[in-house]
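Listed below, chain by chain, are the residues.
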Amino acid sequence: MEGLDERKTKILKAIIKTYLETGEPVGSRTISKYTDLHLSSATIRNEMSDLEDLGYIVQPHTSAGRVPSDKGYRFYVDNLMAEKDKEISDMQNFVIEHTEKMEQVLRNVAKLLANNTEYAAMITGPQYHNNKIKFIQLSRVDPGQLLCVIVLEGNIVKNKMLQMDEGLTDEKILELNLLLNTSLNGMPIDQINLGMVSALKEQAGECSKTVGDVLDVAIQIIHEDSDLQIYTSGATNIFKYPELRDSQKASEFISAFEEKQHLANMITDKFSEGQAETGIQVYIGDESPIKTMRDCSVVTAEYQLGEGVTGIIGIIGPKRMDYEKVLDNLKNIKKQLDVIYHRKEDEKSADG
């Protein structure tokens, strides 16, 4: 931008951000309090004078402070949108890569467990519980559409198109972004209630409808049911055990294991009833939540990939299974998944 070096850019951003937060003209003493600037009031006054000459800020005749001009707002909006677009793009690329790699990891885990234990093995894809909002980004797509991007902890990216009032300016969109992120950053999804929605709509004033639409979308897309991915291996291992070779029972077992619906119901029930624990659960015979597996033992454990991101590992075999071996395998797999996840997070931090 014309005549803007790094120092002027920082000061202009500080002026605009402060004005958006307070609605009051901004003076040099206020800007000098920004810890990352380390500039005297006199130096800031000189820079503000240059910014005024360049048309980025103006000085109302009723105050010694400055406020952003349309040109200043345009600079801030363009730069902020570019920064956020890059951040979202980087996150989306990471999530896609992370998801593809994780699917292969989970398939390999199921196969490894089946081979090591000589029983049937299963593992679910990660599920997200009690997640928090990292940030919300609204961006104009065309005069009638607004892109709403919501980033959750764990770098989960959700987005949806909204219909927009044609009179909604870029400056208003910027103010809405600041309002939403100031109020919702770090907020658990399940704590967004009617009182909070009403308060935010009131603060948004003439843009209350847009804020209401954004919050409706946030709640809707975050709570959308996603198919539970289950990766299995080793179903035919049951034929190694005489007590499980009965043709009808074996057929029912194979069907339940391969169709995965019964497995999905078991996992969903565990999460919905709050039964999932970080410990290991053992179901013997009639204790099994799956009717067709009541001649078996089912051993499950929860794995964690960061806060609020969990999944289930399971081993299914005869009641006379080698429980010590099964428990050792599950504990080892849980540790390995934790190592893999944190290695990916460290790689992401290093790249960033």
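Counting from 1, residues in each chain are numbered in the order their sequence is written. For a predicted model such as this one, the threshold for reporting local features is a pLDDT of at least 70, and the threshold for listing and counting side-chain atom pairs is 80 or more; totals across whole chains, interfaces and linings nevertheless cover every residue. Side-chain metrics rest on all non-hydrogen atoms present in the structure, leaving aside hydrogens and water.

## Observations concerning the overall build of the protein
Point 1. Secondary structure summary: the protein contains ten helices and eleven strands in total.
Point 2. Only protein chains enter the calculation, and the probe is 1.4 Å; a residue is then buried if its accessible area is under 20% of its type maximum, exposed if over 50%, and partly exposed in between. Counting only residues that meet the buried cut, the protein has 43% of its 352 residues in that class.
Point 3. Should any heavy atoms of two residues lie within 4.5 Å, those residues are counted as being in contact. Of the contacts made within the protein by residues no fewer than 6 positions apart, 61% connect residues no fewer than 24 positions apart.
Point 4. Accessible surface, the protein: about 18,500 Å² in total, of which carbon and sulfur atoms supply 46%. Going along the chain from the N terminus, every DSSP run of H or I of four or more residues is numbered as a helix, and every run of E of two or more is numbered as a strand. Methods summary: accessible areas were calculated by the Shrake-Rupley approach with a probe of 1.4 Å, and residue burial reflects only the protein chains presented.

## A look at the packing of helix 1 (residues 6-22) against helix 3 (residues 41-53)
Point 1. Between helix 1 and helix 3, the least distance of the axes is 10 Å, while the angle of their chain directions is 85°. With respect to helix 3, the axis of helix 1 lies roughly perpendicular. Within the contact between the two elements, helix 1 uses Arg-7, Lys-8, Ile-11, Leu-12 and Ile-15 and helix 3 uses Thr-43, Ile-44, Glu-47, Met-48, Asp-50 and Leu-51.
Point 2. Among the residues forming the contact of helix 1 with helix 3, the class breakdown is six nonpolar, one polar and four charged. Axis geometry follows a simple rule: fit a line to the C-alpha atoms, using only the stretch in contact for helices, then measure angles between N-to-C directions, giving values from 0 to 180 degrees. Comment on the angle field: the value is read as roughly parallel under 35 degrees, roughly antiparallel over 145, roughly perpendicular from 65 to 115, and oblique elsewhere. We call Asp, Glu, Lys and Arg charged. Ala, Val, Leu, Ile, Met, Phe, Trp, Tyr, Cys and Pro are nonpolar, and the rest, Gly among them, are polar.

## Looking at the environment of Asp-50
Point 1. Along the polypeptide, Asp-50 turns up in helix 3.
Point 2. The spatial distance from the C-alpha of Asp-50 to the C-alpha of Leu-4 is 9.4 Å, given a sequence separation of 46 residues.
Point 3. Any pair of nitrogen or oxygen atoms within 3.5 Å is treated as a polar contact; in protein, a donor-acceptor pairing is required on top of that, and neighbouring residues in sequence qualify only through side-chain atoms on both sides. Within the local environment of Asp-50, its side chain forms a polar contact with the side chain of Lys-8, the two groups lying 3.5 Å apart.

## So, the packing of aromatic side chains
Two numbers describe a pair of aromatic rings. These are the distance of the centres and the angle of the planes.
Point 1. Whether two aromatic rings pair depends on their centres lying within 6.5 Å, for rings of Phe, Tyr and Trp, where Trp uses its six-membered ring; planes under 30 degrees apart make the pair stacked, over 60 edge-to-face, and the rest tilted. Per the counting criterion, the structure on display carries three aromatic pairs.
Point 2. With a centroid separation of 6.1 Å and 70° between ring planes, the pair formed by Tyr-56 and Phe-75 is classed as edge-to-face. Of the two residues, Tyr-56 sits in the loop between helix 3 and strand 1 (57-58) while Phe-75 sits in helix 4 (residues 70-117), which places them 19 residues apart along the sequence.
Point 3. Between Tyr-119 and Tyr-241, the aromatic rings sit 5.7 Å apart at their centres with planes inclined by 40°, giving tilted as the arrangement. Of this pair, Tyr-119 sits in the loop between helix 4 and strand 3 (120-124) while Tyr-241 sits in the loop between strand 8 (230-233) and helix 8 (247-259); the two residues are 122 residues apart in sequence, bridging distant segments of the chain.

## Considering the packing of helix 5 (residues 170-184) against helix 6 (residues 194-204)
Point 1. Taken N-terminus to C-terminus, the directions of helix 5 and helix 6 make an angle of 150°; their axes are 11 Å apart at the nearest point. The angle between helix 5 and helix 6 places the two elements in the roughly antiparallel class. Read as a crossing pair, helix 5 and helix 6 show a hand that is right-handed. On helix 6, the residues that touch Leu-176, Leu-179, Ser-183 and Leu-184 of helix 5 are Met-196, Leu-200, Gln-203 and Ala-204.
Point 2. Grouping the amino acids of the contact of helix 5 with helix 6 by side-chain chemistry returns six nonpolar, two polar and no charged. Crossings are assigned a handedness: left-handed for a near helix turned anticlockwise from the far helix by less than a right angle, right-handed for a clockwise turn.

## Here's the deal with the pairing of strand 10 (residues 296-304)
Taken residue by residue, a regular strand's side chains alternate between the two faces of the sheet.
Point 1. Burial runs high along strand 10: eight of the nine residues are buried.
Point 2. The rule for pairing is simple: two strands pair if DSSP sees at least two bridges between them. Pairing of strand 9 (residues 280-284) with strand 10 involves five bridges; the strand directions are antiparallel. Directly across from Ile-280, in strand 10, lies its bridge partner Ala-301.

## Overview of the pattern of salt bridges
Pairing between side chains of opposite charge can happen when the charged atoms of each approach one another.
Point 1. Salt bridge, as applied in this entry: a Lys or Arg side-chain nitrogen positioned within 4 Å of an Asp or Glu carboxyl oxygen. As enumerated under the stated definition, the model contains twelve salt bridges in all.
Point 2. For Glu-6, the salt bridge goes to Lys-10, with nearest N and O atoms at 3.9 Å. On the criterion of helical spacing, the pair formed by Glu-6 and Lys-10 is a turn pair, its members being four residues apart in helix 1.
Point 3. Accessibility expressed as a relative area gives 35% for Lys-10, which makes it partly exposed.
Point 4. The structure contains a network of salt bridges with shared partners spanning Arg-7, Lys-8, Glu-47 and Asp-50.

## Digging into the side chain of Thr-18
Point 1. Relative to the helices and strands, Thr-18 is located in helix 1.
Point 2. A relative accessible area of 8% places Thr-18 in the buried class.
Point 3. There is a polar contact of 2.7 Å between the side chain of Thr-18 and the backbone oxygen of Ala-14.

## Here we look at the nonpolar core
Point 1. Buried residues of nine kinds, namely Ala, Val, Leu, Ile, Met, Phe, Trp, Tyr and Cys, make up a nonpolar core once their side-chain atoms join them within 4.5 Å. Ranked by internal contacts, the top residues of the largest apolar core, which has 43 residues, are Ile-123, Phe-253, Ile-316 and Leu-337.
Point 2. Listed by contribution, the elements that provide at least two residues to this core are helix 4, strand 3, strand 8, helix 8, helix 9 (261-272), strand 10, strand 11 (309-318) and helix 10 (323-351).

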